[in-house]
Amino acid sequence: MDTVHEEALAAAGVRADGTIDINAALRSLLEGLLNAVMDEQASELGVPRNGYRERSLDTCVGRVTLRIPKLREGTYFPEDVVARWSRTDTALASAVCDMWAAGISTRKVEAVASDLGLESMGRSRVSRLCEGLDGEVAELRGADLSSEEWPYLWLDATYVPCREAGAPRSVALVTAVACSGSARRRVVGIECIDTESYLSWRGFLLSLRSRGLSGVRLVVSDAHEGLVRAVRESLPGAAWQRCIAHLERNVLERCRRKGDGSAAVAALKAAFAEADPALVRAGYRRAVDLLAAVDERGAELLEEAAPAALAYLAFPREHRHWVRTNNVHR
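In what follows, the accompanying structure is described. (Residues numbered from 1 in each chain as written. Predicted model: local features only at pLDDT ≥ 70, side-chain atom pairs only at ≥ 80, totals over all residues. Heavy atoms only, no water.)

**Quick word on the nonpolar core**
Here is step 1: The biggest cluster of nonpolar side chains holds 32 residues, and the ones touching the most others in it are Tyr-152, Trp-154, Phe-272, Tyr-284 and Leu-302.
Here is step 2: Put simply, the parts of the chain that give this core at least two residues each are β3 (152–164), β4 (167–179), β6 (218–221), α9 (244–254), α10 (262–272), α11 (277–292), α12 (296–309) and α13 (317–323).
Here is step 3: Dropping the residues within four chain positions of it, Phe-272 is found in contact with Ile-244, Glu-248, Val-280, Tyr-284, Ala-309, Leu-310, Tyr-312 and Arg-324.
Here is step 4: Tyr-198, Val-216, Val-219 and Leu-235 belong to the second-largest nonpolar core, a separate cluster that totals 24 residues. (Core = buried A, V, L, I, M, F, W, Y, C linked by side-chain atoms within 4.5 Å. Buried < 20%, exposed > 50% of the residue type's maximum accessible area, 1.4 Å probe, protein only. Helix = DSSP H or I, 4+ residues; strand = E, 2+ residues; numbered from the N terminus. Contact = heavy atoms within 4.5 Å.)

Take a look at the structure:
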């Protein structure tokens, strides 16, 4: 096989043993397609050409070389092509930053980037990606919320790894998602704290109010004591909905013996599936009775939680399905 033929096959993703490197083949096809699109776009401008300039572009199948047409008059740059096909986007930036925050070394980040088809991902590039995300987060945290009212507010916290002073550690990431009167959901707050507490939640909620958050009628969250107290004091007049998914887990955790709460949780799920408030309350009562027969402590938890677990029933029927849990995708 002559050298030119071998090089052409390699560029098309065909290995020496005859097998096909799918990633390389897709990269070759994409590179040809993008360059053809740019040639067509430049031709439509009706301006004489003056050669090409090359630019590397990281895509989902690896790095390709763009041959961008140069014009004798004016300029041409394929912003739509670059924006659509660039692999170094927010998703990749997020993945890289997650690895960095988790304490993964730059060498390992570069190795992962290489597996993704990126030729280099050094410390300076990681820093630039992080700085870009920092700007987006700062904009989100400072956005004005006073242009409309936000009747529903979901609060949650999750512990995530981060890097501080060069060392990885775990912090609580608290988030707030609000729904406007026009049914538009939006992340309105995000904050890293050392641990969940009344003071940290109160400070977080007050910061939302200072940015114009108003009109909150229902707050949905788990039953963290400090969070519930902060909601009561910082958002007076708002009802509190105890997330039913968390409640079901809490019931199972409270039971002394594994499996004792299974029948009660099944009854709860059946109750929450009902649309008629009377049937929901009857089913909830049934779950309490089932649990009382096997674990009194679990039954007490369920009975005490009833007002908060059923708070969603006081709201419009079409909203109930998604305001009874702090999983905003349900």
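**Thoughts on a nonpolar patch on the surface**
Here is step 1: A surface patch of nonpolar side chains, amounting to about 320 Å² of accessible area, comprises Ile-22, Leu-26 and Leu-29.
Here is step 2: By secondary structure assignment, the location of Ile-22 is in helix α2 (residues 22–44).
Here is step 3: Assessed through its relative accessible area of 57%, Ile-22 is described here as exposed. (Patch = residues over 30% accessible without salt bridge, like charges linked within 9 Å, V, L, I, M, F, W, Y side chains within 5 Å. Areas by Shrake-Rupley, 256 points an atom, 1.4 Å probe, with all protein chains shown as cover. Salt bridge = Lys/Arg side-chain N within 4 Å of Asp/Glu carboxyl O.)

**Regarding the side chain of Asn-35**
Here is step 1: Inspection of the secondary structure assignment puts Asn-35 in helix α2.
Here is step 2: Under the relative-accessibility criterion, Asn-35 is labelled buried at 12%.
Here is step 3: Reaching out from Asn-35, the side chain makes a polar contact with the backbone oxygen of Thr-65 at a distance of 3.4 Å.
Here is step 4: Among all residues touching Asn-35, those that are not within four sequence positions of it are Thr-65, Leu-66 and Arg-67. (Polar contact = N/O pair within 3.5 Å; in protein donor to acceptor, adjacent residues only side chain to side chain.)

**What to know about the pairing of β6**
Here is step 1: Residue alternation in β6 divides its side chains into two sets, Leu-218 and Val-220 and Val-219 and Ser-221, and both sets are buried.
Here is step 2: Inspection of the sheet shows β6 paired to strand β7 (residues 239–242) by four bridges, in the parallel sense. Counterpart to Ser-221 in the pairing with β7 is Arg-242.
Here is step 3: Viewed along the sheet, the connection from β6 through helix α8 (residues 225–234) into β7 turns out right-handed. (Pairing = 2+ DSSP bridges. Right-handed = clockwise from strand over helix to strand, strands pointing away.)

These results come straight from atomic positions and should not be treated as a statement about function.
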